[in-house]
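What the coordinates show
Listed here are the chains, written in short residue letters.
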Amino acid sequence: MTRTKLAKMKKTTRTSKRRRCPACGQGWLETTIVRDRFVHEEDGIRRPVLVEDVPIDTCTECAESFRGPEASRLHHEAVCRTFGFLTPREIFDLREKILRLTQEEFAHLTGIGLATISRWERGRLVQNRAMDRYLRVLRDNPASVRYLKHLSA
Ligand SMILES: [Zn+2]
């Protein structure tokens, strides 16, 4: 992305509807774009995670700052990429576009719990390494899907 485009994006975000600060009730929330860095542990391994272009809301009065659902989504995606796991979008695409199954059908086919699939796709839970490999096998080997259909029939 070019510098110009990024500046434009910042401006658009800032001019969004005015919202009161939920902390002090006095100031207004102003959205700015930041870069987040944190250390995350997955499967017993700790790694630094860098997240670019995270929107955060900062109060004009008390300087309290808030990270919303979009920031959570970006954080989750960055964790998946850092640790080499499929992202929520990639899991969704596997089920919806490659296999063309509903969440229920996918749960039946794979033996993975419906709630778990839903959490992966909404970015509430990161699949473990074994599950990530299972998903990759299904994505990259059509024969494995036929085999599972036979098993789950
Ligand atoms: Zn405030």
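In what follows, the structure referred to is the one given above.
Nothing here was measured: the structure is a model prediction, and the numbers come from that model. (Residues numbered from 1 in each chain as written. Predicted model: local features only at pLDDT ≥ 70, side-chain atom pairs only at ≥ 80, totals over all residues.)

From N to C terminus, the chain includes seven helices and three strands. For the chain, the N- to C-terminal ordering of α and β elements is α-β-β-β-α-α-α-α-α-α. When the 153 residues of the chain are sorted by exposure, 14% land in the buried category. Intrachain contacts of the chain at a sequence separation of at least 6 include 51% that bridge at least 24 residues. (Helix = DSSP H or I, 4+ residues; strand = E, 2+ residues; numbered from the N terminus. Buried ≥ 20, exposed ≤ 12 C-beta atoms within 10 Å, placed from the backbone. Contact = placed C-beta atoms within 7 Å.)

The strand order E1-E2-E3 describes an open sheet built from three strands, whose pairing is antiparallel. Two strands close off the open sheet at either side, each with one partner strand: strand E1 (29-42) and strand E3 (65-67). Direction aside, neighbouring strands of the sheet carry axes that sit 35° apart on average. Against the sheet, helix H2 (residues 69-83) engages E1, strand E2 (45-59) and E3, with an angle of about 160° to E2. (Pairing = 2+ DSSP bridges. Axes fitted to C-alpha atoms, helices over the stretch in contact; angles between N-to-C directions.)

Here the focus is unusual backbone geometry. Unlike most non-glycine residues, aspartate 53 shows phi in positive territory, near 55°. Here aspartate 53 shows up in strand E2.

Pairing analysis gives 13 bridges linking E1 to E2, with the strands arranged antiparallel. Opposite aspartate 36, over in E2, you have valine 51 as the bridge partner. Hairpin connection between E1 and E2: a loop of two residues separates the two successive antiparallel strands, and aspartate 43 in this loop has a positive phi of roughly 55°. Both E2 and E3 contribute to a ladder of three bridges, which runs antiparallel. For aspartate 57, the partnering residue across the bridge sits in E3 and is phenylalanine 66.

A few words on the environment of tyrosine 147. Tracing the chain through its elements places tyrosine 147 in helix H7 (residues 142-152). Look at tyrosine 147 and you get exposed, because 11 C-beta atoms sit within 10 Å. For the pair tyrosine 147 and leucine 109, spaced 38 residues apart in the sequence, the C-alpha separation amounts to 9.9 Å.

Once that is clear, we can look at helix H5 (residues 114-121). Note that an α-helix has 3.6 residues per turn; residues three or four places apart therefore point the same way. Taken residue by residue, H5 has Ile117, Trp120 and Glu121 as its buried positions. Down the axis of H5, the buried set is contained in an arc of 95°. They therefore lie on one face. Residues of H5 that are buried in the fold lie against helix H3 (88-98) and helix H4 (103-110). Of the residues trailing H5, glycine 123 is marked for its positive phi of about 75°. (Arc of directions from axis to C-beta.)

Counting residues in each nonpolar core, the largest one holds 11 residues, listed as Ala78, Val79, Cys80, Phe85, Leu86, Ile91, Phe106, Ile117, Trp120, Val126 and Leu135. The dominant element in this core, judged by the number of residues it contributes, is H2, at three residues. Residue assignment places this core across two domains, with domain 1 (3-83) and domain 2 (88-152) each supplying three or more. Leaving out residues up to four positions away in the same chain, tryptophan 120 has contacts with Pro88, Ile91, Leu125 and Gln127. (Core = buried A, V, L, I, M, F, W, Y, C linked by C-beta atoms within 7 Å. Domains from an automatic or database assignment.)

Attention now moves to the environment of isoleucine 56. For isoleucine 56, the location among the structural elements is in strand E2. Given 17 C-beta atoms within a 10 Å radius, isoleucine 56 is considered partly exposed. Residues isoleucine 56 and arginine 35, spaced 21 residues apart in sequence, show a C-alpha to C-alpha distance of 9.9 Å. If sequence neighbours within four positions are ignored, isoleucine 56 has contacts with Thr32, Val34, Ser65, Phe66, Arg67 and Ala71.

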